[in-house]
Amino acid sequence: MYPTNHDLPVENRERVATILQTALYEALELKLRVKEAHWTVRGPNFSELHALFDKIASDADDYADDFAERSIALGFPVKGKAADIAGAVSLLPPFAPATHQGPDVLRAVIATVAKFAKNVRFAIEATASEKDAGTSDLFTGTSRSVDKWLWMLEAHTG
Ligand SMILES: [Fe+2]
């Protein structure tokens, strides 16, 4: 823990930091998965999906940065190395598209984004109940952004 004059009780900040660390792992994992999809997708909708996945990866990178820096602002360092992510218990569903074809990759990305969105929505309430409106607001903004990506992904399925 870093010394800070932050007035929220340390017990609350510690519980919020745990939630932020989990969210950081998930955002980094989301970024890596969508980036892999960006590289590997094939098929008639290649150009659209290739570009869409890259935009989502860029936003996931921003979510990760925001979660990490919020934790630091609360006085708690974070872990974000590849080995840390690999060792974390992932709350996201397995990511293994059946083929590299657009519909299969899209289905796998949608499953990941939908679960990430669900977990972020849970974090809104969980951090609000710790009296941390700032973090709850961060998750609220993230939730809005992820919901938009979920819509755009699902719009490609017909
Ligand atoms: Fe690229």
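The structure this text deals with has already been given above.
Overview of the structure. (Residues numbered from 1 in each chain as written. Predicted model: local features only at pLDDT ≥ 70, side-chain atom pairs only at ≥ 80, totals over all residues. Heavy atoms only, no water.)

### Considering the overall build of the chain
Scanning the chain for helices and strands turns up five helices and zero strands. Reading the helices (α) and strands (β) of the chain from amino to carboxyl end gives α-α-α-α-α. The C-alpha atoms of the chain give 16 Å as radius of gyration, which agrees with the globular expectation for 158 residues (15 Å, within 12%). Structurally, the chain occupies a C-alpha span of about 55 × 30 × 20 Å along its principal axes. (Helix = DSSP H or I, 4+ residues; strand = E, 2+ residues; numbered from the N terminus. Rg over C-alpha atoms; globule rule 2.2 N^0.38 Å.)

### Let's talk about the pattern of salt bridges
Applying the stated criterion across every chain, the model contains eight salt bridges. Here Lys 81 makes a salt bridge to Asp 84, at a shortest N to O gap of 3.0 Å. Judged by its relative accessible area of 55%, Lys 81 is exposed. Salt-bridge contacts for Asp 147 lead to Arg 121; the nearest nitrogen and oxygen are separated by 3.1 Å. Taken together, the residues Asp 147 in helix H5 (residues 133-155) and Arg 121 in helix H4 (residues 102-128) connect sequence positions 26 residues apart. (Salt bridge = Lys/Arg side-chain N within 4 Å of Asp/Glu carboxyl O. Buried < 20%, exposed > 50% of the residue type's maximum accessible area, 1.4 Å probe, protein only.)

### Observations regarding the nonpolar core
The biggest cluster of nonpolar side chains holds 42 residues, and the ones touching the most others in it are Phe 53, Tyr 63, Phe 67, Val 109, Phe 116, Phe 139 and Leu 153. Going through the elements one at a time, helix H1 (10-40), helix H2 (46-73), H4 and H5 are the ones with two or more residues in this core. (Core = buried A, V, L, I, M, F, W, Y, C linked by side-chain atoms within 4.5 Å.)

### Side note on the layout of surface pockets
In this structure, the largest pocket occupies an estimated 150 Å³ of space. Around the largest pocket, the lining residues are Thr 18, Ile 19, Thr 22, Ala 23, Glu 26, Leu 91, Phe 116, Asn 119, Val 120, Phe 122, Ala 123 and Phe 139. Counting residues per element, the ones that place at least two in the lining of the largest pocket are H1 and H4. (1 Å grid on protein atoms, 1.4 Å probe; cavity = no way out; pocket = protein on both sides within 12 Å on 5 of 7 lines; lining within 4 Å. Points joined across faces, edges and corners; volume = space filled by probe spheres on them.)

### Looking at the packing of aromatic side chains
Applying the stated rule across the entire model yields two aromatic pairs. Seen from their ring centres, Phe 67 and Phe 139 are 5.0 Å apart, and the 35 degrees between their planes marks the pair as tilted. In this pair, Phe 67 is assigned in helix H2 and Phe 139 in helix H5, connecting sequence segments 72 residues apart. The positively charged end of Lys 148 is found above the aromatic ring belonging to Trp 149, 4.5 Å away from the centroid. (Phe/Tyr/Trp six-rings, centres within 6.5 Å; stacked < 30°, edge-to-face > 60°. Lys NZ or Arg CZ within 6 Å of the ring centre and 35° of its normal.)

### Some points on H5
Relative to the 33 Å expected for 23 residues at 1.5 Å per residue, H5 spans 33 Å between its end C-alpha atoms, a close match to the ideal helical length. Regarding H5, the residues found buried are Thr 135, Ser 136, Leu 138, Phe 139, Thr 142, Ser 143, Ser 145, Val 146, Trp 149, Leu 150 and Leu 153. In the core, the buried residues of H5 are packed alongside H1, H2 and H4. (Expected span 1.5 Å × (residues − 1). Contact = heavy atoms within 4.5 Å.)

### Focus on unusual backbone geometry
Backbone geometry places Lys 131, a non-glycine residue, at a positive phi of 65 degrees. Relative to the helices and strands, Lys 131 resides in the loop between H4 and H5.

### What to know about a negative patch on the surface
On the surface, a cluster of negative charge is contributed by Asp 62, Asp 65, Asp 66 and Glu 69. Its location among the elements puts Glu 69 in helix H2. (Patch = residues over 30% accessible without salt bridge, like charges linked within 9 Å, V, L, I, M, F, W, Y side chains within 5 Å. Areas by Shrake-Rupley, 256 points an atom, 1.4 Å probe, with all protein chains shown as cover. Lys, Arg positive; Asp, Glu negative; His and termini not counted. Charge placed at Lys NZ, Arg CZ, Asp CG, Glu CD.)

### Here's the deal with the packing of H1 against H4
Their axes nearest at 11 Å, the elements H1 and H4 cross at an angle of 165 degrees. Between H1 and H4, the interaxial angle falls into the category roughly antiparallel. As H1 runs across H4, the sense of the crossing is left-handed. Facing Val 16, Ile 19, Ala 23, Glu 26, Ala 27, Leu 30, Arg 33, Val 34 and Ala 37 of H1, the residues of H4 in contact are Val 105, Val 109, Thr 112, Val 113, Phe 116, Asn 119, Ala 123, Ala 126 and Thr 127. Looking at the contact of H1 with H4 residue by residue, the class counts come to 13 nonpolar, three polar and two charged. (Axes fitted to C-alpha atoms, helices over the stretch in contact; angles between N-to-C directions. Parallel < 35°, antiparallel > 145°, perpendicular 65-115°, else oblique. Left-handed = near helix turned anticlockwise from the far one by under 90°. Nonpolar A, V, L, I, M, F, W, Y, C, P; charged D, E, K, R; others polar.)

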